[in-house]
Amino acid sequence: MNDTPPSYLSDLVGVFGYPVAENPTIVMQEAAFRAKGLNWRYLNIEVRPEQLADAVAGLRAFNMRGINLTIPHKIAIIPLLDALSPEAELMGAVNTVVVEHGKLVGNNTDGKGFVQSLREDAGMDPAGKRVVFLGAGGAARAMAVEMALAGASHITIANRTPERGLSLVELLNEKTPTQAEFEHWQGDYSVPDGADILANATSIGLFPDVEAIPAIDLNSISPELLVCDVIPNPPHTAFLQAAAAHGARTLDGLGMLVGQGAIAFRMWTGVDAPTDVMREALEEVFGG
Ligand code: NDP
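The shown structure was predicted, so the numbers you read here are calculated from the model rather than taken from an experiment.

Further remarks concern the side chain of Asn107. The topology assignment puts Asn107 in strand 6 (residues 103-107). Owing to a relative accessible area of 9%, Asn107 belongs among the buried residues under this scheme. Excluding anything up to four places from it in sequence, Asn107 contacts Ser85, Ala88, Val94, Asn95, Thr96, Val98 and Met267.

Right, here's the structure in full:
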């Protein structure tokens, strides 16, 4: 007979967001827990902006192991935490909290997920690369900072609204070793000669507007360029299809989504994430 009493207690993680009902991260994290035989649960938790502090108190009270943050909480969560990773501090945004010895530590895995996907899915090392980002929002900020820290030699930020683009360029130039410049994105953007990577980090192409493509001169896309998209659903976006038709290699946003989730999984559980299982689970949801 087994002397150890059974435990019906699960380790809890999840995501705070508003809205959050359609956030699909639960599908890949739960699939990963099952694949690794972990008694962990991931919950989508709807938290209104004015109730974020109460939700964080609840997280502590429930002895949760961590939480993801999505719209509109990635910046608002910061004063409620006990510590920040250096990258999250640099970006000023948190998407993953890990509870370490009762302390809430804020991290940001979005940009790390992109770098991981670039390395593992596209087989490309960021070191020494010249990179162009379309967009300067939260995703672009996380991606550009991580690419800079991973050794990208030059980063161009092309954005419609100058203030946001200029503030990201200032951050990159002042706080990271890369050289960054801003381009005001008006009309069709022409990819500069010598660029190695072009990444759409805008919300253009997001479901249901899946036919939308960033305004760029497609003739400036060369076969030497790796073209990436942050939009994960559907993964083969109209933008990536157009880039492939001009001879470029492509990297989809599903790899980044899996990558950022895999890094959070590892931070929470201490176990290496089964990325294939996670990607398959999301592909099933996205019909990709
Ligand atoms: P933000 O709202 O913070 O930023 C949006 C960016 O897109 C801004 O730079 C904005 O420019 C630009 N933009 C939007 N519409 C247009 C347009 N019509 N023309 C030119 N520029 C435009 O969003 P996030 O950065 O948080 O998210 C961006 C996308 O990335 C979302 O679709 C999100 O789903 C996706 N994402 C994917 C992840 C993944 O793992 N695959 C992870 C995180 C995000 P402006 O400043 O001028 O308004």
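Moving on: unusual backbone geometry. For the bond running from Tyr18 to Pro19, omega is 5°, close enough to zero to count as cis. For Pro19, the location among the structural elements is in the loop between strand 1 (11-17) and helix 1 (25-35). Omega for the bond connecting Phe207 with Pro208 falls within 30 degrees of zero, at 10°, which places this linkage in the cis form. Residue position: Pro208 is located in the loop between strand 10 (197-200) and strand 11 (226-229). Positive phi outside glycine occurs at Asn63, with the angle close to 55°. Residue classification places Asn63 among the exposed positions, given a relative accessible area of 60%. Within the chain, His101 stands out as a residue other than glycine whose phi angle is a positive 50°. Within the secondary structure, His101 sits in the loop between strand 5 (96-100) and strand 6.

Turning our eyes to something else, we now look at the domain arrangement of the protein. Per the domain assignment, the segments of the protein are domain 1 (11-108 + 256-286) and domain 2 (111-251). In this complex, domain 1 contributes 12 residues to the contact, which on the side of domain 2 involves 18 residues. Summed over both sides, the interface of domain 1 with domain 2 buries roughly 1400 Å², with 68% coming from carbon and sulfur. Ranking the residues of domain 1 by area buried against domain 2 places Leu90, Met91 and Met256 at the top, with a combined share of 47%. Summed over the shared surface of domain 1 and domain 2, the result is one salt bridge. A salt bridge links Lys112 to Glu87, with the shortest nitrogen-to-oxygen separation between them at 3.6 Å. Summed over the shared surface of domain 1 and domain 2, the result is one residue pair in polar contact (both at pLDDT 80 or more).

A word on the site of the ligand. Surrounding the ligand, one finds 21 residues, the nearest of these being Ala136, Ala139, Asn159, Thr161 and Val230. Within the backbone of Val230, an N or O atom sits 2.8 Å from a nitrogen atom of the ligand. Look at the ligand: alone it shows 930 Å² of surface, and the protein chains cover 75% of it. Those elements that provide at least two residues to the shell around the ligand are helix 5 (138-149) and helix 8 (253-269). With three residues, the single largest contributor to the shell around the ligand is helix 8.

Our next topic: the nonpolar core. Phe114, Phe133, Met147, Ile155, Ile157 and Leu172 are the most contacted members of the largest nonpolar core, which has 35 residues in total. At seven residues, the largest contribution of residues to this core is made by helix 5.

Time to look at the sheet that holds strand 3 (residues 66-69). One open sheet accounts for six strands, arranged 2-1-3-5-6-4; its pairing is mixed. At either margin of the open sheet sits one strand with a lone partner, and together these are strand 2 (40-46) and strand 4 (83-84). Sheet analysis places strand 1 next to strand 2, joined by seven bridges and oriented parallel. Looking at strand 2, one finds that Val15 is bridged to Asn44. Sitting on the sheet, helix 1 touches strand 1, strand 2 and strand 3, and the angle it makes with strand 2 is about 165°. Packed onto the sheet, helix 8 meets strand 1, strand 2, strand 3, strand 5 and strand 6 and runs at close to 10° relative to strand 5.

Tallied over the full model, the rule gives nine salt bridges. When the shortest N-O distance is used, the salt bridge between Asp125 and Arg119 registers 3.9 Å. Residue classification places Asp125 among the partly exposed positions, given a relative accessible area of 42%. For Arg119, a relative accessible area of 42% translates into the label partly exposed. Notably, a salt bridge pairs Asp252 with Arg279, separated by 2.9 Å at the nearest N-O pair. Of this pair, Asp252 sits in the loop between strand 12 (249-251) and helix 8 while Arg279 sits in helix 9 (residues 275-286), placing them 27 residues apart in sequence.

Attention shifts here to the sheet that holds strand 7 (residues 130-134). With respect to topology, six strands assemble into an open sheet ordered 9-8-7-10-11-12, the strand pairing being parallel. Both edges of this open sheet fall to strand 9 (179-184) and strand 12, since each of them pairs with a single strand only. Averaged over neighbouring strand pairs, the angle between their axes works out to 20° when direction is ignored. Inspection of the sheet shows strand 7 paired to strand 8 (residues 154-159) by five bridges, in the parallel sense. If you follow Val131 over to strand 8, its bridge partner there is Ile155.

So, how was this worked out
- Residues numbered from 1 in each chain as written.
- Predicted model: local features only at pLDDT ≥ 70, side-chain atom pairs only at ≥ 80, totals over all residues.
- Heavy atoms only, no water.
- Helix = DSSP H or I, 4+ residues; strand = E, 2+ residues; numbered from the N terminus.
- Buried < 20%, exposed > 50% of the residue type's maximum accessible area, 1.4 Å probe, protein only.
- Contact = heavy atoms within 4.5 Å.
- Domains from an automatic or database assignment.
- Buried area = accessible area lost by both parts, 1.4 Å probe.
- Salt bridge = Lys/Arg side-chain N within 4 Å of Asp/Glu carboxyl O.
- Polar contact = N/O pair within 3.5 Å; in protein donor to acceptor, adjacent residues only side chain to side chain.
- Near = heavy atom within 4 Å.
- Areas by Shrake-Rupley, 256 points an atom, 1.4 Å probe, with all protein chains shown as cover.
- Core = buried A, V, L, I, M, F, W, Y, C linked by side-chain atoms within 4.5 Å.
- Pairing = 2+ DSSP bridges.
- Axes fitted to C-alpha atoms, helices over the stretch in contact; angles between N-to-C directions.

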